[in-house]
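Close look at the chain arrangement
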There are 2 protein chains.
Amino acid sequence: MTVRPTDTKEEILRLGTELIQVYGYNAFSYADISKKLDIKNAAVHYHFPGKEDLLAGIIDQYIQRYKELGARINAPGITAKQKLDVFISRYTDLCEQNKICIIGSVCSDYNTMPESVKAKLGELIEMVLGMVEKVLRQGKKTGELNFPETARVKSLLIMTNLAAGVQLARITGKKDYTAICKSIIDQVSV
Amino acid sequence: MTVRPTDTKEEILRLGTELIQVYGYNAFSYADISKKLDIKNAAVHYHFPGKEDLLAGIIDQYIQRYKELGARINAPGITAKQKLDVFISRYTDLCEQNKICIIGSVCSDYNTMPESVKAKLGELIEMVLGMVEKVLRQGKKTGELNFPETARVKSLLIMTNLAAGVQLARITGKKDYTAICKSIIDQVSV
DNA sequence: AGAAATACTTACTACTTAGTAAGTTACTTT
DNA sequence: AAAGTAACTTACTAAGTAGTAAGTATTTCT
């Protein structure tokens, strides 16, 4: 088992993710990727034959990372509030880099995507919502958190606040995003 | 004052708006517009020299319509809750047509836009937020509505719920959007 | 009636787009 | 050592992109 000579494929995924978060899916081309990585555009096609394959790969990687996050979160000794903070901080990180969530970004172009990618995106969203829902439900059960809505609906409210919050921050500034985050915490605090 | 022989310019604005709401700003071309309106693509360029001029025109029209909405809302005899419903129903209409809010749509492509359009988009958002904020503040004052946050922050929370709610509905279905709307109302009810 | 403006069409250009087929290099397996 | 495979590059194509210059028909102004 030798060290991989190159990790071009991973670099493409990384840059592709960034381009979606910064400029949007239909606003970047294979040329943008190949130029920045100093490879030929055919090299990008070698790893991801079509642009939809690249998008599928990016979403797959996102799903994988959320799964890892889920495993980390389930370690003992972490409070529900801390778990919720983990989700919020992912969006805060995006906000600070002037990026937006890929789900929100790709959603604008949703109707230009093939069914296979639409399904993958649905899988990702349901996973994230399910994870937040679980944290909320458990937090409510142990008395750590409190809110009048069901855990499912509260997860919808929180995730829409965060997703649109980072989008808004781009235009009106980060102050609004900060206020949103503070309110999310306040709303579930006992 | 005669009847305009054609209203091509308005048809372009209408179709452009629809294309942004359905496919996204960077996913449609002047050819999409000219084909559907059965005109030549140069005719679109005649009315809107560049694509950014078209986007600016679309946002201007949006601002105009929100101003009209604001005037209608200020008529006597309308309760704060009814006013809030007017805003919500605009998003509900979008949701039913599988469209998303142009603000949310264009936000993905924000960094591909010229400064002039960015400024216009900021103007639109501040206007909408300001209008919702005003409704909330007045409703709280008269005792019609109640919420722990400031009117500004509550308007941020509601608008992010709605904007991301219609985006989400595209992928996970309209049921989630309906639940979000119900919660928004419940949260401000006394 | 003549001039000017409006709202286009015709006919194009330069460029970018995703995508491909065939060749090259270097490492790995047999 | 030969064959195969992985990871590319070279060199191209067909289609689409925004955008323009010049011409035309129709209405409006003077």
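Data block above holds the structure.
Structural notes, computed from the coordinates. Worth saying up front: this structure is predicted, and the values here are computed from it rather than measured.

Definitions and cut-offs
- Residues numbered from 1 in each chain as written.
- Chains lettered and ligands numbered in written order.
- Predicted model: local features only at pLDDT ≥ 70, side-chain atom pairs only at ≥ 80, totals over all residues.
- Heavy atoms only, no water.
- Helix = DSSP H or I, 4+ residues; strand = E, 2+ residues; numbered from the N terminus.
- Buried < 20%, exposed > 50% of the residue type's maximum accessible area, 1.4 Å probe, protein only.
- Contact = heavy atoms within 4.5 Å.
- Lys, Arg positive; Asp, Glu negative; His and termini not counted.
- Charge placed at Lys NZ, Arg CZ, Asp CG, Glu CD.
- Buried area = accessible area lost by both parts, 1.4 Å probe.
- Salt bridge = Lys/Arg side-chain N within 4 Å of Asp/Glu carboxyl O.
- Polar contact = N/O pair within 3.5 Å; in protein donor to acceptor, adjacent residues only side chain to side chain.
- Nonpolar A, V, L, I, M, F, W, Y, C, P; charged D, E, K, R; others polar.
- Least-squares fit on C-alpha atoms with pLDDT ≥ 70 in both.
- Phe/Tyr/Trp six-rings, centres within 6.5 Å; stacked < 30°, edge-to-face > 60°.
- Disulfide = S-S within 2.5 Å.

**Description of the overall build of chain A**
- The helix and strand tally for chain A stands at nine helices and zero strands.
- Seen in sequence order, chain A has helices and strands lined up from the N terminus as α-α-α-α-α-α-α-α-α.
- The principal-axis extents of the C-alpha atoms in chain A amount to approximately 55 × 45 × 30 Å.
- A total of 190 residues make up chain A; the buried ones form 52% of that total.
- A fraction of 65% describes how many contacts in chain A between residues 6 or more apart in sequence connect residues 24 or more apart.
- Charge centroids of chain A, computed over 26 positive and 22 negative side chains, lie 3 Å from each other.

**Overview of the interface of chain B and chain A**
- Opposite the 39 residues of chain B that make contact, chain A presents 39 residues.
- Counting each side, the surface lost to burial between chain B and chain A is near 3400 Å², with a carbon and sulfur contribution of 63%.
- In this structure, the connection of chain B to chain A is made through two salt bridges.
- At the surface where chain B touches chain A, the tally comes to 16 residue pairs in polar contact (both at pLDDT 80 or more).
- In terms of residue count, helix α8 (residues 151-172) of chain B provides more of the side of chain B that touches chain A than any other element does, 14 residues in total.
- In terms of residue class, the side of chain B that touches chain A is built from 16 nonpolar, 16 polar and seven charged.

**A look at the relation of the copies chain B and chain A**
- In the superposition of chain B on chain A (RMSD 0.0 Å, axial shift 0.0 Å), the rotation amounts to 180°. Taken together, these values place the two copies in the relation of a two-fold axis.
- Same-surface contact between copies: 100% of interface residues of chain B are shared with the interface of chain A.

**Regarding the packing of aromatic side chains**
Residue and element names in this part refer to chain B.
- In this structure the tally under the stated criterion is six aromatic pairs over all chains.
- Aromatic side chains Tyr62 and Tyr66 sit 6.2 Å apart centroid to centroid with 45° between the ring planes, which places their arrangement in the tilted category. In this pair, Tyr62 and Tyr66 are both assigned in helix α4 (residues 51-73), four residues apart and thus about one turn of the helix distant. Residue Tyr62 shares its accessibility class with Tyr66, and that shared class is buried.
- With centroids separated by 6.4 Å and ring planes inclined at 15°, the aromatic side chains of Tyr66 and Phe87 adopt a geometry described as stacked.

**As for the state of the cysteines**
All names here are of chain A.
- One pass over the full model with this rule turns up zero disulfides over all chains.
- Of the cysteine sulfurs around Cys181, a residue in no disulfide, the closest is that of Cys95, at 7.7 Å.
- Residue classification places Cys181 among the buried residues on the basis of a relative accessible area of 10%.

**A short note on unusual backbone geometry**
All names here are of chain A.
- Non-glycine residue Asp38 carries a positive phi angle of around 55°.
- In this structure, Asp38 sits in the loop between α2 (30-37) and α3 (41-47).
- At Asn98, a residue that is not glycine, the phi angle is positive and equals roughly 55°.
- Mapped onto the secondary structure, Asn98 falls in the loop between α5 (80-96) and α6 (102-108).
- Overall, the relative accessible area of 39% leaves Asn98 in the partly exposed class.

**Topic: the pattern of salt bridges**
- Scanning all chains against the criterion turns up 18 salt bridges over all chains.
- Between Glu126 of chain A and Arg152 of chain A there is a salt bridge, with its nearest N and O atoms 3.3 Å apart. Within this pair, whereas Glu126 of chain A is found in helix α7 (residues 115-141), its partner Arg152 of chain A is found in helix α8 (residues 151-172), the two being separated by 26 residues in sequence.
- Relative accessible area serves as the criterion here: at 35%, Glu126 of chain A is assigned to the partly exposed category.
- On the basis of relative accessibility, which here comes to 23%, the residue Arg152 of chain A falls in the partly exposed class.
- Here Glu149 of chain B makes a salt bridge to Lys154 of chain B, at a shortest N to O gap of 4.0 Å. Lys154 of chain B matches Glu149 of chain B in its accessibility class, with the two residues each being buried.
- Each of Glu11, Arg14 and Glu18 of chain A takes part in salt bridges that share partners, so that together they form one network.

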